[in-house]
Amino acid sequence: MDAQHDFQRARRRATIGRLISRLRGEPDDVGVVLPYEEVISALGFVSEHRAGLHVVQLDTIVGSVDRSRDYDRRFRPTSSRSRSRWEQIAAAARRGESFPPIDVLKVGELYFVRDGHHRVSVARALGRADIDAYVTEVLTRVDAEKAMKLSDLPFKSHERVFFERVPLPIGTRPEIELSDPWDFAVLAEAVEAWGFRAMQSRGDALDRKETARLWLETEYRPAVALLRELDLVGDATATEAYMRIAADRYRLLRSRDWSEEVLRQVVDGRAGRRWARRS
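Residues numbered from 1 in each chain as written. Predicted model: local features only at pLDDT ≥ 70, side-chain atom pairs only at ≥ 80, totals over all residues. Heavy atoms only, no water.

**Things to note about the layout of surface pockets**
Looking at the second largest pocket, its volume works out to about 550 Å³. As for the second largest pocket, its lining consists of 25 residues, and the residues nearest its centre are Arg141, Val142, Phe163, Ile170 and Arg173. Those elements that provide at least two residues to the lining of the second largest pocket are strand 6 (130-140), helix 5 (153-165) and helix 7 (208-229). The element that contributes the greatest number of residues to the lining of the second largest pocket is helix 5, accounting for six residues. Tallied by class, the residues present in the lining of the second largest pocket amount to 13 nonpolar, one polar and 11 charged. (1 Å grid on protein atoms, 1.4 Å probe; cavity = no way out; pocket = protein on both sides within 12 Å on 5 of 7 lines; lining within 4 Å. Points joined across faces, edges and corners; volume = space filled by probe spheres on them. Helix = DSSP H or I, 4+ residues; strand = E, 2+ residues; numbered from the N terminus. Nonpolar A, V, L, I, M, F, W, Y, C, P; charged D, E, K, R; others polar.)

**Digging into the nonpolar core**
Core analysis: the biggest nonpolar cluster contains 28 residues, and Phe162, Leu168, Ile176, Leu187, Trp215, Tyr220 and Tyr242 have the highest contact counts within it. Elements that contribute at least two residues to this core include exactly helix 5, helix 6 (182-202), helix 7 and helix 8 (238-253). Counting residues per element, this core draws most heavily on helix 7, which supplies eight residues. Once residues lying within four places of it in the same chain are set aside, the contact partners of Phe162 are Ile176, Phe184, Leu187 and Ala188. Counting residues in hydrophobic clusters, the runner-up holds 23 residues, among them Phe7, Tyr71, Trp86 and Val135. (Core = buried A, V, L, I, M, F, W, Y, C linked by side-chain atoms within 4.5 Å. Buried < 20%, exposed > 50% of the residue type's maximum accessible area, 1.4 Å probe, protein only. Contact = heavy atoms within 4.5 Å.)

**Section: unusual backbone geometry**
Phi is positive for Phe75, which is not a glycine, with a value near 60°. Its identity as a non-glycine residue notwithstanding, Asp231 has a phi of 60°, on the positive side. The topology assignment puts Asp231 in the loop between helix 7 and helix 8.

**Some details on helix 6**
Look at helix 6: 31 Å from first C-alpha to last across 21 residues, which is about the 30 Å you get at 1.5 Å a residue. Here helix 6 has its buried residues at Phe184, Leu187, Ala188, Val191, Trp194, Gly195 and Ala198. End-on view of helix 6: buried residues confined to an arc of 125°, all on one side of the axis. Exposed residues pointing more than 90 degrees away from the buried face of helix 6 are listed as Trp182 and Gln200. Residue Gly203 follows helix 6 closely and has a positive phi angle near 75°. (Expected span 1.5 Å × (residues − 1). Arc of directions from axis to C-beta.)

**Details of the packing of aromatic side chains**
Inspection of the entire model under this criterion finds eight aromatic pairs. Ring geometry for Tyr36 against Phe112: centres 5.5 Å apart, planes inclined by 70°, an arrangement best described as edge-to-face. You can see Tyr36 sitting in helix 2 (residues 36-43) and its partner Phe112 sitting in strand 5 (residues 110-115), a full 76 residues away along the chain. Judged on exposure class, the residue Tyr36 and its partner Phe112 are both buried. An aromatic cluster is defined as three or more aromatic residues linked by ring pairs; in this entry it consists of Phe155, Phe162, Phe163 and Phe184. (Phe/Tyr/Trp six-rings, centres within 6.5 Å; stacked < 30°, edge-to-face > 60°.)

Interpretation in functional terms is not warranted from these geometric data alone.
As structure tokens, this is what we get:
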């Protein structure tokens, strides 16, 4: 009877959670279990390796390999399909029996259940904080953040393609911040054009990695430093401010140089165009 009540309570909490999300105006996918295949498709699979037995925090398990329809993001059951097996595991847990380790895939900060969905759900319903798990670590081209939602996957896909075209060193990638996923394609085109001009100027061929490194060190970072020094970033990200000013720099001055005077002329030119349009 206790196990049956545990299941009913977990189902009720799943329903209440959906209602609260709607009342708060949150997107529909906030409470949805992340499907592993779709996440990997967006982030880009690189490799995987067995990491052995670990203790995993239950609140980091937010995805599933093949059972995403049966649970919400907190692994509360969303239907009665798994009720019988769920209650058997809950009854065993109440008798003091330990859970066998589950099997999970680790992608960035997130874990995806490959085997052990019922055990995860029961453990969370009983208020446990962690669980034993055999972990396989999966390396992807773009990292997965803990708060990632299903609707974030298209953005992550654009980000992945950008870093394939502009393979910046892993540790420097957080310097690229964009709000609109389409801007990744625009910026990639700009970097590739910059690399072509750099090769013409140097008289040497550059591969993508060398082009990305040179662009970051000799173009992007100096420009961002000037923008911040002159307080020209504003409400945008530094990357968005760079893209806006870099485009205007050549349009107005036919120059590819960065200096305080160049930036001031670009800013004055932008102000002049806005005044002309208002007039």
